[in-house]
Amino acid sequence: MVGRPRPPLATMDIPGAETTASFPSGHTMGTATLLLVIGYLAWSRHAGRRNLLVGGAVAVVGTLAVGLSRLYLGYHFLTDVLAAVALAVAVLGGVVVADRLHGLDSGRPQQDSNLQPTD
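Everything numeric in this text was worked out from a predicted model, so none of it was measured.

Take the overall build of the protein chain next. Scanning the protein chain from N- to C-terminus turns up 3 helices and 0 strands. Secondary structure elements of the protein chain occur, N-terminal to C-terminal, as α-α-α. Here the protein chain, with 119 residues, has 26% of them falling under the buried criterion. Accessible surface computed for the protein chain: about 7,800 Å², of which carbon and sulfur atoms make up 69%.

All right, on to the side chain of T63 then. Note that T63 resides in helix α2 (residues 49–72). Other than its neighbours up to four places away in sequence, T63 contacts T28, T31, A32, L35 and V85.

For the rest of this paragraph, the subject is the pattern of salt bridges. Taken as a whole and judged by the stated rule, the model has 1 salt bridge. Here D99 and R45 are joined by a salt bridge, their closest N and O atoms 3.0 Å apart. Of the two residues, D99 is situated in helix α3 (residues 78–106) and R45 in helix α1 (residues 26–45); the sequence distance between them amounts to 54 residues. Its relative accessible area of 7% is what places D99 among the buried residues.

Attention shifts here to the packing of aromatic side chains. In the structure shown here, the tally under the stated rule is 1 aromatic pair. Measuring from centroid to centroid gives 6.4 Å for Y40 and W43, while their planes differ by 45°, and the two rings are tilted. In this pair, Y40 and W43 are both assigned in helix α1, 3 residues apart and thus about one turn of the helix distant. Overall, the relative accessible area of 10% leaves Y40 in the buried class.

Our next topic: the packing of α1 against α2. At a minimum axis distance of 9 Å, the contact between α1 and α2 shows a crossing angle of 175°. Classified by the angle between their axes, α1 and α2 sit roughly antiparallel to one another. Contact residues: α1 offers H27, T28, T31, A32, L35, L36 and W43, while α2 offers N51, L52, V58, A59, G62, T63, V66, G67 and R70. Residues of the contact of α1 with α2, tallied by class, amount to 8 nonpolar, 7 polar and 1 charged.

Rules used throughout
- Residues numbered from 1 in each chain as written.
- Predicted model: local features only at pLDDT ≥ 70, side-chain atom pairs only at ≥ 80, totals over all residues.
- Heavy atoms only, no water.
- Helix = DSSP H or I, 4+ residues; strand = E, 2+ residues; numbered from the N terminus.
- Buried < 20%, exposed > 50% of the residue type's maximum accessible area, 1.4 Å probe, protein only.
- Areas by Shrake-Rupley, 256 points an atom, 1.4 Å probe, with all protein chains shown as cover.
- Contact = heavy atoms within 4.5 Å.
- Salt bridge = Lys/Arg side-chain N within 4 Å of Asp/Glu carboxyl O.
- Phe/Tyr/Trp six-rings, centres within 6.5 Å; stacked < 30°, edge-to-face > 60°.
- Axes fitted to C-alpha atoms, helices over the stretch in contact; angles between N-to-C directions.
- Parallel < 35°, antiparallel > 145°, perpendicular 65-115°, else oblique.
- Nonpolar A, V, L, I, M, F, W, Y, C, P; charged D, E, K, R; others polar.

Fair warning: the whole summary comes from geometry, so function is off the table for now.
This is the structure in structure tokens:
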């Protein structure tokens, strides 16, 4: 399943520039993971609708730009890019769990969007 060959050389913008396995797209996975994790960590420390929207937009646009560039250059199949994004979301899930557990251990107050101020 992992290690699938790349698309044919004839479809590549610069044939032979990429010689490693195609599945999953490492560029897309790295970009998506970085942007999602940084966005989540920034939002979890400074929660707010604006921060969530900005972080989400940056993550989506950045990931789309890299993923689409890999497809445009002919270095990956669509499934390579989609699998990379799915893996990045799984990593984000692990980071969220670890961050929440760390917050409980350190006594850091947890953000709960359903709670209203009590003053």
